[in-house]
Each structure stands twice: as C-alpha cells, then as structure tokens.
Amino acid sequence: MRYWITVVSKDHIANGVAGGFMQANHGKQGPLKRMSVDDWVIFYSPKVTYAGNEALQAFTAIGQVVDDQVYQHKMSENFIPYRRNIKFYSCKETSIIPLIENLDFIPNKKSWGYPFRFGFFEIKEHDFKLIYSRMVD
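All of these numbers come straight from a predicted model, not from anything done at the bench.

Draft legend 1. Quick look at the packing of aromatic side chains. For the structure shown, the criterion picks out 14 aromatic pairs. Summarising the aromatic geometry, the rings of Trp-40 and Phe-128 are spaced 5.2 Å apart at their centres and angled 45 degrees between planes, so their arrangement reads as tilted. Here Phe-128 lies in helix 3 (residues 125-135) and Trp-40 lies in strand 3 (residues 40-47), a separation of 88 residues in the sequence. Note on accessibility: Trp-40 and Phe-128 belong to one class, buried. A connected cluster of aromatic rings, assembled from ring pairs, spans Tyr-44, Phe-59, Phe-105, Trp-112, Phe-116 and Phe-121. Looking at Lys-47, its charged tip hangs above the ring of Tyr-50, at a distance of 5.9 Å from the centre. Sitting above the plane of the Phe-21 ring, Arg-83 keeps its charged end 3.5 Å from the centroid.

If you want it as structure tokens, here you go:
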C-alpha cells in the first residue's frame, strides 16, 4: 500500500468527491497509472477555486483507489482527461499550516510549498497517518 498527495482546487475536488473519481496534473494518465488498488490519496487544495486567487492551503479530501481502471472521460471537445475511481471518506478540511513542522515530505519548512509544485507525489506512511488523524474522526 502506498500513499499519495495530489494538488487540486477545492471546487474541482468537490466534483471528484461527488462523482467518485480523481484526476491528477490536469488529466494526465501517468500519475494515475502509478497508483494501485487500496492506495490512499490525500487531496491538497492551495486555492478555493481553480480560476480564482483565494488561498486555502488545506487538505480537502481523502480516499482510496477502488479498482485497476485508468480511463478517459470527455469533459469537452478539447479536454478528455484520465480518471481513477476513488472511494472517498467523510473528512474535515484541514489546514496544512499547523502540520508543516511535523511533515517529513517538507524538508525545508520555510519553503514548505515547494513539494506541491509537482502536483502529484508519494509520501511516507508517517506523514499520511498524521494528516489522516487530523482529517478523519
């Protein structure tokens, strides 16, 4: 079992939670193919809306990969992103700020946002359990 973080605005992950799916890195297939059944994924939202500028800096959803399918879904004529089916769990939005000092995937605490620039990355179980403990009651 592996643990992942993907970066997505709060409004976009709300659509994923409602539909039971995730997309990563603007619909790219590669990140989704790295995942396996029962892997956990935490969704980090730097912003409230994709098009807006209102900062959020919070973990907004958490779930597990439910099957081996990576599939495409036509959202418009020019955008046919890849998706994975996810079982989402009830959770509360959790600010990253109080967790930064204890997260190992953030080596430089002053430039804590740097790891999120990649959009999708693996984390260790310790970091997952810390975030999970704050999000899920």
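Having put the structure on the table, let's press on.
Draft legend 2. View of the environment of Ile-106. Position of Ile-106 among the secondary structure elements: in the loop between strand 6 (94-95) and strand 7 (120-123). Its relative accessible area of 1% is what places Ile-106 among the buried residues. Sequence separation of Ile-106 and Asp-127 is 21 residues, and the distance between their C-alpha atoms is 9.8 Å. If sequence neighbours within four positions are ignored, Ile-106 has contacts with Ile-96, Ile-100, Trp-112 and Pro-115.

Draft legend 3. Local environment of the nonpolar core. Residues Ile-5, Ile-42, Phe-59, Ile-96, Phe-105, Ile-123 and Ile-131 are the most contacted members of the largest nonpolar core, which totals 22 residues. Of all elements in the fold, only strand 1 (3-7), strand 3, strand 4 (55-72), strand 7 and helix 3 reach the threshold of two or more residues within this core. The biggest single contributor to this core is helix 3, with four residues. Setting aside residues no more than four positions away along its own chain, Phe-59 makes contact with Ile-5, Ile-42, Phe-43, Tyr-44, Lys-92, Glu-93, Thr-94, Ile-96, Leu-99, Ile-131 and Met-135. Grouped together as the second largest cluster of nonpolar side chains are 14 residues, Ile-13, Ala-24, Met-35 and Phe-43 included.

Draft legend 4. Looking closely at the pattern of salt bridges. Going through the model one piece at a time under the given rule, you end up with four salt bridges. Here Lys-10 and Glu-93 are joined by a salt bridge, their closest N and O atoms 2.7 Å apart. Within this pair, whereas Lys-10 is found in helix 1 (residues 10-19), its partner Glu-93 is found in the loop between strand 5 (82-88) and strand 6, the two being separated by 83 residues in sequence. Judged by its relative accessible area of 39%, Glu-93 falls in the partly exposed class. Between Glu-77 and Lys-74 there is a salt bridge, and its shortest N-O distance comes to 3.1 Å. You can call Glu-77 exposed: its relative accessible area is 63%. Its relative accessible area of 48% is what places Lys-74 among the partly exposed residues.

Draft legend 5. Looking closely at unusual backbone geometry. The backbone of Asp-38 shows a phi angle near 75 degrees, a positive value even though the residue is not glycine. Exposure remark for Asp-38: the relative accessible area of 41% places this residue in the partly exposed category. Non-glycine residue Gln-57 carries a positive phi angle of around 55 degrees. Residue placement: Gln-57 occurs in strand 4. Residue Gln-57 is classed as partly exposed on the basis of its relative accessible area of 30%.

Reading the values: rules and limits
- Residues numbered from 1 in each chain as written.
- Predicted model: local features only at pLDDT ≥ 70, side-chain atom pairs only at ≥ 80, totals over all residues.
- Heavy atoms only, no water.
- Phe/Tyr/Trp six-rings, centres within 6.5 Å; stacked < 30°, edge-to-face > 60°.
- Helix = DSSP H or I, 4+ residues; strand = E, 2+ residues; numbered from the N terminus.
- Buried < 20%, exposed > 50% of the residue type's maximum accessible area, 1.4 Å probe, protein only.
- Lys NZ or Arg CZ within 6 Å of the ring centre and 35° of its normal.
- Contact = heavy atoms within 4.5 Å.
- Core = buried A, V, L, I, M, F, W, Y, C linked by side-chain atoms within 4.5 Å.
- Salt bridge = Lys/Arg side-chain N within 4 Å of Asp/Glu carboxyl O.

Read these as geometric descriptors, not functional statements.
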